[in-house]
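Take a look at the letters that make up each chain.
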Amino acid sequence: MIEEAGNGLLSRRFFLAGTSVALMAATAGAGGRGQTTLSPGTALSPEGLPDRNEKDNLQRTNISSAPGTSGTGVSRTPLEHLDGIVTPSRLHFERHHSGVPDINPDTHRLVVYGLVDRPLMFDLNRLTRYPMVSRMQFLECAGNSGALTAPTPVEGTCGSLHGLISNSEWGGVPISVLLDEAGVKPTAQWAVADGADSAMMSRSIPLSKLYDDAIVAIYQNGEPIRPSNGYPFRLFLPGWEGNMSVKWLRSIKVTSMPAMTKDETSKYSDLRDDGYADLFTYPMAVKSVITNPSPGLSLYEKGIYQINGLAWSGLGQIKKVEVSADGGKSWAEALLDAHVLDKSVTRFRIAWRWSGGEASLISRAFDSQGAIQPTRSEAMSDRGPGSFYHYNGQQAWRVATDGSVRNVYV
Ligand SMILES: Nc1nc2c(c(=O)[nH]1)N[C@H]1C(S)=C(S)[C@@H](COP(=O)(O)O)O[C@H]1N2
Ligand SMILES: [Mo]
């Protein structure tokens, strides 16, 4: 077995070659569950749910809401319990500024107006007659991983620290189709999107993005979008900060200027250390995180493990992911799963032999624009006090000699 980098990282071809990991099969324990091939199983059911052994892990995690509210806050995707690139819809993270509205699809409307020749109004039925597209793409909150800006490492699982990202197949109508039908006037440069919740989320979006790849999303992983993710439809802006993908979309006003709404001025802006703030940071920059091993998924014996995780970039595709087991001193290239898609998460994997000693596991991603995920100190270098949005620094997990894993800064 040839080491590709320090502290036990093996070639990414290790698994490809079908090398036996020589793991001893655990002796089967029935655990009190008595199914045999001689008795029939349980009944058919209208909905598939996780096995009862799995269901505690397969829940949204670290749910927190603002004091005095139950619907203003976040719930996170339990990244460490998932594999592949699909986030099951029931585990898609949530970020609501005023809870989930109960919208009647028969009376809900989308209005396109402002600097257009013909203002238009759509209901769900009419929208679904337009040509649709569907793509696997991520949605990431600008506040994702913001806990890593804390001066000392906070304890948490991968999902609690980084679970404000989810990846779905989003299906819907390109906004360009609706804008073309409305006839955009030559003076138009922007549009303001508005949501029908009581937070009335509204964001200004450059028209160029709406023409490029934005959709009114109606489907999520093949089924109608769930209420918590924007039913009956939402704006979806691939690769851009989640806040702009306005849920429960009710209007798009075409304008010549940004509206400077609350959520693009007082929030979702980035204070720099020179006292100025960056106002409009749209694409979510290149990032990756090892999902396994990670806190809560302890190693239980020395030997060969598969390190795996997620990498993504709001500016394109993932080109390469490197992994270090010695805190960033040496790196080996990970294997990418087959689905390497534009503005989607990509699963990476690499074989690692744990010697039983201490190790610091880190991943770093490279995207198709040539960007490299920064170290934590690079990512922190020009931030002002309290600035925590758009954090994309490298995550280090320290494996202790007892096999436990925790968040550290290296
Ligand atoms: N109408 C409306 N749209 C919204 C929000 C909201 O509170 N209301 N939250 C925004 C934020 S901050 C994010 S990160 C994403 C979260 O989408 P999700 O809940 O489907 O994960 O929706 C955005 N769109
Ligand atoms: Mo967000």
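Use the structure listed above.
Treat the numbers as computed from the prediction; the structure is a model and nothing was measured.

1. Description of the overall build of the protein
Then step 1. What the protein contains, in helices and strands, is seven helices and 26 strands.
Then step 2. Summarising its shape, the C-alpha atoms of the protein cover approximately 70 × 65 × 45 Å along the three principal directions.
Then step 3. For the protein, with 410 residues in total, the buried portion stands at 50%.
Then step 4. Contacts in the protein between residues far apart in sequence, at least 24 positions, make up 72% of those at least 6 positions apart.
Then step 5. Here the protein has roughly 18800 Å² of accessible surface; of this, 53% comes from carbon and sulfur atoms.
Then step 6. Taken as two groups, the 39 positive and 41 negative side-chain charges of the protein have centres that lie 1 Å from each other.

2. A closer look at the site of ligand 1
Then step 1. For ligand 1, the set of nearby residues contains 21 residues, the closest of which are Phe93, His97, Asp197, Asn229 and Lys247.
Then step 2. Separating an oxygen atom of ligand 1 from a side-chain N or O atom of Asn229 is a distance of 2.7 Å.
Then step 3. Residue Ser245 places a main-chain N or O atom 3.1 Å away from a nitrogen atom belonging to ligand 1.
Then step 4. Considered on its own, ligand 1 offers 540 Å² of accessible surface; in the complex 100% of this is hidden by protein.

3. Examining the pattern of salt bridges
Then step 1. Inspection of the entire model under this criterion finds 18 salt bridges.
Then step 2. Residue Asp83 is joined to Arg347 by a salt bridge in which the shortest nitrogen-to-oxygen separation is 4.0 Å. With Asp83 in the loop between β4 (73-76) and β5 (94-96) and Arg347 in strand β23 (residues 346-354), this residue pair connects regions lying 264 residues apart in the sequence.
Then step 3. Among the residues examined, Arg347 registers a relative accessible area of 1% and is labelled buried.
Then step 4. The partner of Glu322 in a salt bridge is Lys320, with the nearest N and O atoms 3.3 Å apart.
Then step 5. One continuous salt-bridge network, built from bridges that share partners, spans Asp83, Asp337, Arg347 and Arg349.

4. Things to note about the environment of Val74
Then step 1. Within the secondary structure layout, Val74 lies in strand β4.
Then step 2. Between the C-alpha atoms of Val74 and Glu94, which are 20 residues apart in sequence, the distance is 5.4 Å.
Then step 3. Residues in contact with Val74, not counting those within four places in the same chain, are Asn62, Ile63, Ser64, Glu94, Arg95 and Leu164.

5. Points about the sheet that holds strand β7 (residues 120-122)
Then step 1. Taken in spatial order, the five strands line up as β7-β6-β15-β10-β11 in an open sheet, and their pairing is mixed. Bordering the open sheet on either side are β7 and β11 (202-206), each of which pairs with just one other strand. Neighbouring strand axes in the sheet, compared pairwise and without regard to direction, differ in orientation by 20 degrees on average.
Then step 2. Along the sheet face, helix α4 (residues 175-182) touches β6 (110-114), β7 and β15 (249-255) and points at about 140 degrees away from the line of β7.

6. Points about the side chain of Ser204
Then step 1. Mapped onto the elements, Ser204 comes out in strand β11.
Then step 2. Judged by relative accessible area, Ser204 falls into the buried class, the value being 0%.
Then step 3. Among the polar contacts made by the side chain of Ser204, one reaches the main-chain amide nitrogen of Ala259 at a distance of 2.8 Å.
Then step 4. Separated by 2.5 Å, the side chains of Ser204 and Glu264 make a polar contact.
Then step 5. Discounting residues that sit within four places of it in the chain, Ser204 has contacts with Trp190, Ala191, Val192, Met244, Pro258, Ala259, Met260, Glu264 and Tyr282.

Rules used throughout
Residues numbered from 1 in each chain as written. Chains lettered and ligands numbered in written order. Predicted model: local features only at pLDDT ≥ 70, side-chain atom pairs only at ≥ 80, totals over all residues. Heavy atoms only, no water. Helix = DSSP H or I, 4+ residues; strand = E, 2+ residues; numbered from the N terminus. Buried < 20%, exposed > 50% of the residue type's maximum accessible area, 1.4 Å probe, protein only. Contact = heavy atoms within 4.5 Å. Areas by Shrake-Rupley, 256 points an atom, 1.4 Å probe, with all protein chains shown as cover. Lys, Arg positive; Asp, Glu negative; His and termini not counted. Charge placed at Lys NZ, Arg CZ, Asp CG, Glu CD. Near = heavy atom within 4 Å. Polar contact = N/O pair within 3.5 Å; in protein donor to acceptor, adjacent residues only side chain to side chain. Salt bridge = Lys/Arg side-chain N within 4 Å of Asp/Glu carboxyl O. Pairing = 2+ DSSP bridges. Axes fitted to C-alpha atoms, helices over the stretch in contact; angles between N-to-C directions.

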